[in-house]
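Breakdown of the fold
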Amino acid sequence: QVQLVESGGGLVQAGGSLRLSCAASGSIFSINAMGWYRQAPGKQRELVARISRGGSTNYADSVKGRFTISRDNTENTVYLQMNSLKPEDTAVYYCYGARFWGGVRDYWGQGTQVTVSS
């Protein structure tokens, strides 16, 4: 089994920054891609960013240029650096891990709340 533990969420003012962390443990050899989804009330879950073990990345247009995803394979941890935060970034952020890039998301974290005040 794989466990993903998220941290780093919180309350910040617009324009501020947060860094989310997601540490994987267990059968981590099965994980190729990791990333972040977010879900706000009344909205569909959306893919924010993802990264492969080799470093290929993909970002939602809404966060491109503001968010950066990175991965430390030694520590089995993925990070989401969020800069220039906007109130519309407010959501629960969920880390995921997948065996294949673009495939089914196999593992999920518990979610961490990010709230951006105006």
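Only a predicted model underlies this, so the values are computations on that prediction, with no experimental measurement involved.

We now examine the pattern of salt bridges. Under the defined criterion, the tally for this structure stands at five salt bridges. Glu 46 is the partner of Arg 38 in a salt bridge, and the nearest nitrogen-oxygen pair spans 2.6 Å. By relative accessible area, Glu 46 is classed as partly exposed at 23%. Close ionic contact of Arg 38 with Asp 89 constitutes a salt bridge, the shortest N to O distance being 2.9 Å.

Moving on, we get to the sheet that holds strand β8 (residues 77–82). One open sheet holds the four strands; their spatial order is β1-β3-β8-β7, and the pairing between them is antiparallel. The open sheet is flanked by β1 (2–7) and β7 (67–72), the only strands paired with a single partner. Between one strand and the next, the sheet's axes are offset by a mean angle of 15°, whatever the strand orientation. Two strands pair when backbone bridges link them, and strand β3 (residues 18–26) and β8 are joined in this way by six bridges, in the antiparallel orientation. Looking at the pairing, Ser 21 lines up with Tyr 79 of β8.

Bringing the packing of aromatic side chains into the picture now. Tallying each qualifying case throughout the model produces three aromatic pairs. Ring geometry for Tyr 96 versus Trp 108: centroids 5.9 Å apart, planes at 45°, classification tilted. Here Trp 108 lies in strand β10 (residues 107–108) and Tyr 96 lies in strand β9 (residues 91–98), a separation of twelve residues in the sequence. Residue Tyr 96 is classed as buried on the basis of its relative accessible area of 1%. When its relative accessible area of 33% is taken as the criterion, Trp 108 is described as partly exposed. Chaining the aromatic ring pairs together yields one cluster made of Tyr 37, Tyr 96 and Trp 108. Its guanidinium or amino end placed over the ring of Tyr 37, Arg 45 lies 4.8 Å from that ring's centre, counting from NZ or CZ. Taking NZ or CZ as reference, Arg 50 lies 4.2 Å from the ring centre of Trp 101, over its face.

Conventions we followed
Residues numbered from 1 in each chain as written. Predicted model: local features only at pLDDT ≥ 70, side-chain atom pairs only at ≥ 80, totals over all residues. Heavy atoms only, no water. Salt bridge = Lys/Arg side-chain N within 4 Å of Asp/Glu carboxyl O. Buried < 20%, exposed > 50% of the residue type's maximum accessible area, 1.4 Å probe, protein only. Pairing = 2+ DSSP bridges. Helix = DSSP H or I, 4+ residues; strand = E, 2+ residues; numbered from the N terminus. Axes fitted to C-alpha atoms, helices over the stretch in contact; angles between N-to-C directions. Phe/Tyr/Trp six-rings, centres within 6.5 Å; stacked < 30°, edge-to-face > 60°. Lys NZ or Arg CZ within 6 Å of the ring centre and 35° of its normal.

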